[in-house]
Amino acid sequence: MKHILIPTDFSENAWTATVYALKLFTNEQCVFHLLHSAPVKSSRISSFSNKLTRVMQENAVNDLKHLLERVEKIFANPNHSFKISTSTHDIEQAVAIAVENHGIDLIVMGTKGATGAKEIFLGSNTVEIISNLSKCPILAIPNGIEYKKPENVGFSSGFKRLYNSTELDEIKNLISLYNSKLNVFHIQTNEELDTSQKENLDSLQMYLKNVETSYTEITQYTNITDEIIDLINTYKIDILTMIKYKHSFFENLFREHVIANLGHQLTIPFMVIPATT
């Protein structure tokens, strides 16, 4: 049984993420946890604010119930069950608590929300959750996309670490849902792979020996964002995946604002998997 957390602010983007998750895991036994966070600042704690908090929580619960009714009416599925919960913590803390308390296997969330954030792909809440991610993969769903069965999954890596089977299992599990093809993209910063990279690549190929896989190495590029977009378009990638290591290519993407730049062009889901070491 897979436990999937879907944070929601009842925005259209949150609904898009919910629909995507329900369709992606149509054939899987899942418990979907619908979570709404309405944080209250401690400085506002008083008899009035306590009453206000109770009213906000009651409204949130009612909204979650209405969301659940909508889901069950449109996407009735015997494989799926649902739980709803609210939190007065900030969304990042609320997600972390839910992951710990409910044994969450995957977070699926929209990337823009109801606040009108300028980030088109990764809004500030999503970036914070990904940045602090340590135990659970997150699948970020761009605003306004329609679900498409993932026939091609992209995996971007620098081959600079020995892969852990737990990390790769997340990608393998995603591929197994629809027998997708895995496209491994390597943007090489040096002229050729060093000995360690070659060993890590060999290990990856051994692990993926029963998966239909292609490998593409890019050794000359002027703009990482454009290169990733070109690869996604060329290979018709439906979901892009990365493993989040400390001091890694992934963190370089954040530091170099590549993710923000991707947001203006990328129209596919993006799965980030936390490293286990």
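Structure: see above.
Summarised in this report is the structure supplied together with it. The model shown is predicted, which means the values in this text are computed figures rather than measured ones.

1. Here we look at unusual backbone geometry
- One non-glycine residue, Phe-10, lies in positive phi territory at about 70 degrees.
- Checked against the element boundaries, Phe-10 lands in the loop between β1 (2-7) and α1 (12-24).
- Despite not being glycine, Lys-236 shows a phi value in the positive range, around 50 degrees.
- One can find Lys-236 in the loop between α7 (224-234) and β9 (239-244).

2. Let's talk about the packing of aromatic side chains
- Counted under the stated rule, the structure contains five aromatic pairs.
- Arranged with centres 5.6 Å apart and planes meeting at 25 degrees, the rings of Phe-32 and Phe-82 form a pair that is stacked. Taken together, the positions of Phe-32 in strand β2 (residues 30-37) and Phe-82 in strand β3 (residues 80-87) put the pair 50 residues apart, joining distant regions of the chain.
- On the basis of relative accessible area, Phe-32 is assigned to the buried category, the value being 0%.
- Lying across the ring of Trp-15, Arg-70 places its NZ or CZ 3.6 Å from the centre.
- Of note, Lys-172 hangs over the ring of Tyr-207, and the distance from its end group to the ring centre comes to 4.3 Å.

3. What to know about the sheet that holds β3
- The ten strands are arranged β3-β2-β1-β4-β5-β10-β9-β6-β7-β8 in an open sheet whose pairing can be described as mixed. The open sheet has two edge strands with one neighbour each: β3 and β8 (213-218). Each adjacent strand pair in this sheet contributes to an overall mean axis angle of 20 degrees, direction not counted.
- Relative to strand β10 (residues 270-274), β9 is paired through five bridges, and the arrangement is parallel. By the bridge assignment, Ile-243 is partnered in β10 with Ile-273.

4. Some details on the pairing of strand β6 (residues 152-157)
- Counting buried positions along β6 yields six of six residues, so the element is predominantly enclosed.
- Burial along β6 is two-sided: Asn-152, Gly-154 and Ser-156 facing one way and Val-153, Phe-155 and Ser-157 facing the other are all buried.
- Handedness of the crossover joining β6 and strand β7 (residues 181-187) through helix α5 (residues 165-178): right-handed.
- Where β6 and β9 come together, three bridges link them in parallel fashion. Note that in β9 the partner of Val-153 across the bridge is Ile-239.

Quick notes on the rules
Residues numbered from 1 in each chain as written. Predicted model: local features only at pLDDT ≥ 70, side-chain atom pairs only at ≥ 80, totals over all residues. Heavy atoms only, no water. Helix = DSSP H or I, 4+ residues; strand = E, 2+ residues; numbered from the N terminus. Phe/Tyr/Trp six-rings, centres within 6.5 Å; stacked < 30°, edge-to-face > 60°. Buried < 20%, exposed > 50% of the residue type's maximum accessible area, 1.4 Å probe, protein only. Lys NZ or Arg CZ within 6 Å of the ring centre and 35° of its normal. Pairing = 2+ DSSP bridges. Axes fitted to C-alpha atoms, helices over the stretch in contact; angles between N-to-C directions. Right-handed = clockwise from strand over helix to strand, strands pointing away.

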